[in-house]
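Architecture and fold: a report
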Amino acid sequence: PIVDLLKIVGIPLVFANVSQVKKYATGIGNCDKSQVMAAVMRTYPDLNITNDNESDATVLAMIGCRGLGYPIDHPTLKKAEVMAKIGETTK
């Protein structure tokens, strides 16, 4: 329902699985949530990240911005690998 509505109105949509979020944030796809949170807090020290859900949402926002061509973080090889995989899954 919500996905269908987004498609109807033309809002771009990508899907990232848990290991992709982890790899994008830390470079490691099988780390734990605390490592993701620590990486996000290091990347964005001005954000008030208080839990792992907020850090996951921040990483998903970074992925979305990069996918739309407006990256808000520094590029790395691991991030490029994640973006390439996400691109394969949305075609």
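Refer to the structure above for everything that follows.
As the structure is a computational prediction, the values presented were derived from the model and not from experiment.

1. Remarks on the overall build of the protein
Looking only at helices and strands, the protein features five helices and zero strands. Secondary structure of the protein in N-to-C order comes out as α-α-α-α-α. Taken against the 2.2 N^0.38 rule, which gives 12 Å for 91 residues, the C-alpha radius of gyration of the protein at 13 Å falls within 12% of a compact globule. Counting only C-alpha atoms and orienting by the principal axes, one finds that the protein spans roughly 35 × 25 × 25 Å. Across the 91 residues in the protein, those meeting the buried criterion constitute 26%. Once local pairs closer than 6 in sequence are excluded, the contacts in the protein between residues at least 24 apart make up 41%. Accessible area of the protein: about 6,100 Å², with a carbon and sulfur share of 62%. In the protein, which carries 10 positive and 9 negative side-chain charges, the distance between the mean positions of the two groups comes to 7 Å.

2. Remarks on the environment of Gln 35
Secondary-structure assignment places Gln 35 in helix H3 (residues 33-43). For Gln 35, a relative accessible area of 37% corresponds to the partly exposed category. Expressed as a C-alpha distance, the spacing of Gln 35 and Ala 25, which sit 10 residues apart in the sequence, is 8.6 Å. Of the polar contacts made by the side chain of Gln 35, one reaches the backbone nitrogen of Asp 32; its length is 2.9 Å.

3. With respect to the nonpolar core
Counting 15 residues, the largest nonpolar core has Tyr 24, Val 36, Val 40, Val 59, Met 62 and Ile 63 as its most contacted members. Mapped onto this core, the elements with two or more residues apiece are helix H2 (18-26), H3, helix H4 (52-67) and helix H5 (77-89). Beyond its immediate stretch of four places on either side in the chain, Tyr 24 contacts Val 59, Met 62, Ile 63, Arg 66, Asp 73, Lys 79, Val 82 and Met 83.

4. Things to note about H4
Under the 1.5 Å per step criterion, the end-to-end length of H4 is 22 Å for 16 residues, consistent within 8% with the ideal 22 Å. For H4, the set of buried residues is Ser 55, Asp 56, Thr 58, Val 59, Met 62, Ile 63 and Arg 66. All buried residues of H4 fall inside an arc of 160° around its axis, so they share one side. Turned more than 90 degrees away from the buried face of H4 sit Asn 53 and Gly 67, all of them exposed. Two residues or fewer past H4, Gly 69 is found with a positive phi of approximately 90°.

The rules behind the values
Residue numbers run consecutively from 1 along every chain, following the written order of its sequence. Selection of residues for local features in this predicted model requires a pLDDT of at least 70, selection of side-chain atom pairs for listing and counting requires 80 or more, and totals for whole chains, interfaces and linings are taken over all residues. Excluded from the side-chain calculation are hydrogens and water; included are all heavy atoms of the structure. Helix and strand assignments follow DSSP, with helices taken as H or I runs no shorter than four residues and strands as E runs no shorter than two, numbered in order from the N terminus. Here the radius of gyration uses the C-alpha set of atoms, whereas the globule reference equals 2.2 Å times the residue count to the power 0.38. The buried label goes to any residue with under 20% of its type's maximum accessible area, the exposed label to any with over 50%, and the partly exposed label to all in between, with areas taken from a 1.4 Å probe on protein chains only. Contact criterion: two residues are considered in contact whenever any of their non-hydrogen atoms come within 4.5 Å of each other. Where accessible areas are quoted, they stem from the Shrake-Rupley method and a 1.4 Å probe; at the residue level, only the protein chains shown are allowed to cover. Under the convention used here, Asp and Glu are negative, Lys and Arg are positive, and both His and the chain ends fall outside the count. The atom standing in for a charge is NZ when the residue is Lys, CZ when it is Arg, CG when it is Asp and CD when it is Glu. By the criterion applied in these results, polar contacts are pairs of N or O atoms within 3.5 Å in which, for protein atoms, one can donate a hydrogen and the other can accept it, and in which residues neighboring in sequence qualify only through two side-chain atoms. Working definition of a nonpolar core: buried Ala, Val, Leu, Ile, Met, Phe, Trp, Tyr and Cys residues. They are joined through side-chain atoms within 4.5 Å. The span you would expect from a helix comes to 1.5 Å times its residue count less one. Summarising the geometry, the arc corresponds to the directions from the helix axis toward the C-beta atoms.

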